[in-house]
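Commentary on secondary and tertiary structure
For reference, the chains in residue letters:
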Amino acid sequence: MKLGAGACWKIAVLGLTAGWLTTPEAGTAQELDPRNILEERCSSCHTPRAGGGLERISDNRKTPEGWEMTIVRMGIWHGVEVPEDELAVLVRHLSNTQGLAPAETAGQRFILERQPNVVENIPNAELNVMCARCHSFARVALQRQDEDEWRKQSHAHLGQYPTTEYQSLGRDRDWWGIARDKMPKLLGEMFPLKTDTWDDWRKSAKADISGSWRVHGERPGVGRYVGSAEITATDWDEYEVTYALRYANGSEVTGQGAAIVYTGFEWRGSATLGDEEVREVFALSEDGNSLSGRWFLANADEVGAHFNAVRVREGASTIIAVEPQMLRAGESTNITIHGFGLKGNVSLGDGVTISEFVTADANSITVVATAATDIEGGNRSVSIGSTIATDLFSVYSQIDRLVVEPPFAIARVGGGTTPAVVAQFTAVAYLNGPDGEAGTNDDVRLGSVPAEWSIENFSEEAEQMEDAKYVGTIDQNGTFMPAGAGPNPERKYKTNNAGRVTVKANAANGESQIAGDAEMVVTVQRWNSPPIL
C-alpha cells in the first residue's frame, strides 16, 4: 500500500468506475462487507468487545483522509495487507459511522483542501510546540478521542520517534511528562470522542445532492469564474457531475467528474476540466443547498481554485457573484450579476446609476453602470427585485492598500522524480474603511487586481548569495516557478537553488501606481506528502 496525497481521490474513483461497490459480482458481496473486512484484517490485534466494536478502532472518529492514513499506517508499521478495494470499503464505512460532523471540521478544512501557505491559528503555545512542530495542528484537531486514547497516541509517538524528546523544543522541557499527562487531558477536553454535535449529525437525514447548481469561484493567477454544475446520483452516496465554467477573461471550460460523499457532506471527487485532471474537496452545508471548498491539479495540489456552488431551487432567487466586483468613481462599465431566479428591478447601491440593460435572463443580468465621481468608497448591496446580496460589489476612488496574498509562502525546487512546488501569488486591493486605518476590522477587501510581478533579495545575506538570481522566476500571473534541485556550480559554495526573496506587486491606482510585497522561502524538495500534512 502506498500513502500519497491522491490516494483518497483514487478511492473515490475506484468506487465509481470499477463497479465493485455499486454492482458486486455474485459471491463478492460478503467479502466486501466492511464488518467482515474489519474482522479479517483488524481483529487479530484489535480485540472485539462484548458490546460490539473493536479495541482502539471504536475509540476514534476521523475524516476520510484520517481513516485512510490510519489503515495505511497499519501496513507500514505492522505489515497489514489491505487491498485497494477493501481499503475503499473501510474508509467509506468508518467515515460514515465514526466520522466528524460538519461543525467539527470548521476552521480546519484548509488542510483537507490542501490549501498552500496557510498559517495556522493554534490555541496556545504549548500545543504548537508539542503537536505542531512536526505536522499541522489541523491533523490533531480533525480527530476525536477521549483522554486514554490520546495518551496511547503519545506512547505511539515516542515509540515510533524516540528522538522526539531530545530534539529542539523537546529537550528544554519535561517533554515526556507533558506528553503523557498534560496533553491527553487537554486534547480529550478539546476533541472528545462523544459529542452531541456528532450524535445529532449521525441521526439526521442526509441530503440528495443531485440537481442543478450555480457555481462561482476564483483561481489565483487565472481569475474569477462562474458557471453551472449538473449533478446526478448514481448510488446513495455516489455522484457524477458535468461542469460549464466561464472565466472573467472570457475563456470557457467544460468538464465532467465523479465523486463519493462521505459522512453525508464530505465530497471527494475527481474531474477533468478542459485538459486538466483535478481533484475536489468540497463540504456540503447542513441544509444541503450549498457546496464550498477547493479543487486542484491532480499532479500539483498547490495549484487550484476556490469553489462555491448553490443549488438551484424552484421558486427561489439567489445572487452568487458580481463581475467585475469593483467599480472606480467616475467610471462606467458593463456589470454582470450572476445567480438564479433573477427577476425584477436592479440596484447596485448608493452612488451607482444604471443607464442600460445589455442582457437579462434568470441566471445573469448585465447592465451598464456608472459610479458617481464623488462616491464614498465601500461595499454596496446589490439587489434584483427582492433578492439582495451584500459584500459582492464595492466602489472606490483610490486603492488604499495593495496586499500580496499569501503574505508568506514556501516554494520547493524540483528535479528527478519529484517536481517543483510552485507558489501562486495574488494582488488584492483594500480600502482602509471608515476609520482610515489599515489592518482594522472595518477594512474593505475590494478583490484581486492585475499587477506587475518581480522578486528581489529579501535580506543582506540573500543579497550576498544572489538568491533572487538563482531561486527561480515569477511570471506576470503571479506564478513563481522554482529552479532545479541539486548543487549549482554557479552559486557561491556551489549550494543548491534555495533562498529567501521578497515578492513584489505593482498595480495601477488611477493615474498612479500602488505596491505590495510578500516574503517567500524557496527550499528543498519534500518527499512525503500524506493526505493530511
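Residues numbered from 1 in each chain as written. Predicted model: local features only at pLDDT ≥ 70, side-chain atom pairs only at ≥ 80, totals over all residues. Heavy atoms only, no water.

A word on the pairing of strand β23 (residues 444-448)
Taking burial as the measure, the five residues of β23 include four buried ones, the bulk of the element. Where strand β22 (residues 426-431) meets β23, four bridges bridge the pair, whose relative direction is antiparallel. Paired with Y430 across the bridge in β23 is R445. (Buried < 20%, exposed > 50% of the residue type's maximum accessible area, 1.4 Å probe, protein only. Helix = DSSP H or I, 4+ residues; strand = E, 2+ residues; numbered from the N terminus. Pairing = 2+ DSSP bridges.)

Observations regarding the packing of aromatic side chains
Summed over all chains, the structure comprises ten aromatic pairs. On the basis of an interplanar angle of 55° and a centroid distance of 5.5 Å, the ring pair of Y225 and Y247 is categorised as tilted. Of this pair, Y225 sits in strand β4 (residues 223-235) while Y247 sits in strand β5 (residues 238-247), placing them 22 residues apart in sequence. Its relative accessible area of 2% is what places Y225 among the buried residues. Ring geometry for W267 and F282: centres 6.0 Å apart, planes at 25°, overall stacked. A residue pair is termed long-range when its members are at least 10 positions apart, and W267 in strand β7 (residues 266-273) and F282 in strand β8 (residues 276-284) qualify at 15 residues. For the pair W267 and F282, one class covers both residues: buried. (Phe/Tyr/Trp six-rings, centres within 6.5 Å; stacked < 30°, edge-to-face > 60°.)

Comments concerning the pattern of salt bridges
Counted by the stated rule, this structure contains 28 salt bridges. Between R491 and D467 there is a salt bridge, and its shortest N-O distance comes to 2.7 Å. You can see R491 sitting in the loop between β26 (479-482) and β27 (499-509) and its partner D467 sitting in helix α13 (residues 467-470), a full 24 residues away along the chain. We note that R491, like D467, is buried. Counted as one network, the salt bridges with shared partners bring together E65, R109, E266 and R268. (Salt bridge = Lys/Arg side-chain N within 4 Å of Asp/Glu carboxyl O.)

Notes on helix α4 (residues 84-97)
With 14 residues, α4 should cover 20 Å at 1.5 Å per step; its first-to-last C-alpha distance of 20 Å lies within 8% of that length. Listed as buried for α4 are E86, L87, A88, V89, L90, V91, R92, L94 and S95. (Expected span 1.5 Å × (residues − 1).)

With respect to the environment of T197
With respect to the helices and strands, T197 occurs in helix α11 (residues 196-203). Overall, the relative accessible area of 37% leaves T197 in the partly exposed class. Spatially, the C-alpha atoms of T197 and I71 are 26 Å apart, while their sequence positions differ by 126 residues. If sequence neighbours within four positions are ignored, T197 has contacts with A101, A103 and E104. (Contact = heavy atoms within 4.5 Å.)

Points about the side chain of R328
Tracing the sequence through the fold places R328 in strand β12 (residues 326-328). Owing to a relative accessible area of 18%, R328 belongs among the buried residues under this scheme. Setting aside residues up to four positions removed in sequence, R328 forms contacts with A371, Y396, S397, Q398 and G510.

Points about the state of the cysteines
Overall, the coordinates contain zero disulfides when judged by the stated rule. C45 forms no disulfide, and the closest cysteine sulfur to it belongs to C42, at a distance of 8.8 Å. Judged by its relative accessible area of 64%, C45 is exposed. Of the cysteine sulfurs around C134, a residue in no disulfide, the closest is that of C131, at 9.7 Å. (Disulfide = S-S within 2.5 Å.)

Here's the deal with the side chain of D237
Mapping D237 onto the fold places it in the loop between β4 and β5. Residue classification places D237 among the buried positions, given a relative accessible area of 2%. At a separation of 2.6 Å, a polar atom in the side chain of D237 contacts the side chain of R92. Setting aside its immediate chain neighbours within four residues, D237 contacts R92, N96, A259, I260 and V261. (Polar contact = N/O pair within 3.5 Å; in protein donor to acceptor, adjacent residues only side chain to side chain.)

What to know about the domain arrangement of the protein
Once the domains are mapped, the protein shows domain 1 (5-200), domain 2 (211-311), domain 3 (318-396) and domain 4 (401-523). Using C-alpha coordinates to define each centre, domain 1 is positioned 46 Å away from domain 3. (Domains from an automatic or database assignment.)

Concerning the packing of helix α2 (residues 34-42) against α4
Closest axis-to-axis distance for the α2/α4 pair is 9 Å, and the angle between their directions is 110°. With respect to α4, the axis of α2 lies roughly perpendicular. Seen from above, α2 lies across α4 with left-handed handedness. Two secondary-structure elements touch here, α2 through P34, I37, L38 and R41 and α4 through E86, V89, L90 and H93. Of the residues contributing to the contact of α2 with α4, the split by class is five nonpolar, one polar and two charged. (Axes fitted to C-alpha atoms, helices over the stretch in contact; angles between N-to-C directions. Parallel < 35°, antiparallel > 145°, perpendicular 65-115°, else oblique. Left-handed = near helix turned anticlockwise from the far one by under 90°. Nonpolar A, V, L, I, M, F, W, Y, C, P; charged D, E, K, R; others polar.)

A short note on the sheet that holds strand β21 (residues 423-424)
In space, the three strands of this open sheet follow the order β21-β26-β25, with antiparallel pairing throughout. Sheet topology places β21 and β25 (472-474) at the edges, where each strand pairs with a single neighbour. Here β25 runs beside β26; their pairing, made up of three bridges, is antiparallel. Residue pairing for β26: T473 is matched across the bridge by M481.

Focus on the pairing of strand β6 (residues 252-262)
Among the eleven residues that make up β6, eight are buried, leaving the element largely enclosed by the rest of the structure. Where β5 and β6 come together, nine bridges link them in antiparallel fashion. Residue pairing for β6: Y239 is matched across the bridge by A259. Between β5 and β6, which follow one another and run antiparallel, lie four residues, and G250 among them has a positive phi close to 95°. Examined bridge by bridge, β6 and β7 share eight bridges and lie antiparallel to one another. Opposite G255, over in β7, you have L273 as the bridge partner.

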